[in-house]
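Given next are the chains, with one letter for each unit.
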Amino acid sequence: MASCFISSILFFSAIFVFLSTTPSFANINSKNVTSDRVKNICNATEPWNQPRCYEFYKSDPRSSTADYKELAEITIDLANSDCKKLIHWLNSLAKNETDHGYRRRYLQCSKHYSEAREKLDAGKKYLEAKKFETVEDLAANAIEDSNECIADFAKVNTTSTLLNKAKDFEFITSFVKPAVELSRKSDKVTKKPYYYTLQLILKKWVFHP
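Residues numbered from 1 in each chain as written. Predicted model: local features only at pLDDT ≥ 70, side-chain atom pairs only at ≥ 80, totals over all residues. Heavy atoms only, no water.

S.K.: Would you mind going over the state of the cysteines in detail, with residue names and values included?
M.R.: Under the criterion given, the structure shown has two disulfides. Residue pairing for Cys-42: its cysteine sulfur links by disulfide to Cys-53, the two sulfurs lying 2.0 Å apart. When the S-S torsion is -75°, as for the bridge of Cys-42 with Cys-53, the disulfide is left-handed. Taken as a pair, Cys-42 in helix 3 (residues 36-42) and Cys-53 in helix 4 (residues 50-58) lie far apart in primary sequence, eleven residues in all. A relative accessible area of 0% places Cys-42 in the buried class. Two residues share a disulfide in this structure: Cys-109 and Cys-149, whose sulfurs sit 1.8 Å from each other. Because the sign of the S-S torsion sets the handedness, a value of about 90° for the bond joining Cys-109 and Cys-149 places this disulfide among the right-handed ones. On the criterion of sequence distance, the pair formed by Cys-109 in helix 6 (residues 100-128) and Cys-149 in helix 7 (residues 132-151) is long-range, its members being 40 residues apart. (Disulfide = S-S within 2.5 Å. Helix = DSSP H or I, 4+ residues; strand = E, 2+ residues; numbered from the N terminus. Buried < 20%, exposed > 50% of the residue type's maximum accessible area, 1.4 Å probe, protein only.)

See the structure below:
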């Protein structure tokens, strides 16, 4: 009888440990769900490119439950991460390149992407300060930096790998603007009504004593 009781305790203990250490189906599925907010951001691109946009956001588990401001931050983070990888890759190419012309262009490209990364870092700070237009401008300038990298190869053959990596960076960075615009709209909607009421009262008091 005692051994049966002990066996039962061990059995239920094992079940408890299994359930407590195994992620729930809800948590597993939440990582694979594309939120309506992400879909709204991805609507900024052509329909055939939207699944690709979804995949970018799914690579960051925060996106499934993020609001628009957080999604704007995530977009900048994803672009920044991609930019960092590009810089490392370009520096590696330059280090191993024997052709002086190509080596110089790889280093110049790396410089352009370093400048792009600085703009993205600044954009995240301006987003926190709700300087939305500045964030959009910085993201657009980061894309321009990428374009300048490719322009450096105008007189020589640009590798398809570099072109693809540049396009990937520009693709994800292009979603900073719609994410920020939706964040701005959301910010206006969620402002407390009494704030506007107070403004109206003060306005009447100042201009109509």
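S.K.: Tell me what's going on with the pattern of salt bridges, and back it up with residues and numbers.
M.R.: Enumeration over the complete set of coordinates arrives at nine salt bridges. With a shortest N-O distance of 2.7 Å, Arg-62 and Asp-60 are connected by a salt bridge. Residue Glu-128 is joined to Lys-69 by a salt bridge in which the shortest nitrogen-to-oxygen separation is 3.0 Å. You can see Glu-128 sitting in helix 6 and its partner Lys-69 sitting in helix 5 (residues 68-96), a full 59 residues away along the chain. Judged by relative accessible area, which is 52%, Glu-128 ranks as exposed. With relative accessibility at 25%, the residue Lys-69 sits in the partly exposed group. Where salt bridges share partners, they join Asp-60, Arg-62, Asp-77 and Lys-124 into one cluster. (Salt bridge = Lys/Arg side-chain N within 4 Å of Asp/Glu carboxyl O.)

Don't take any of this as a statement about function, it's just geometry.
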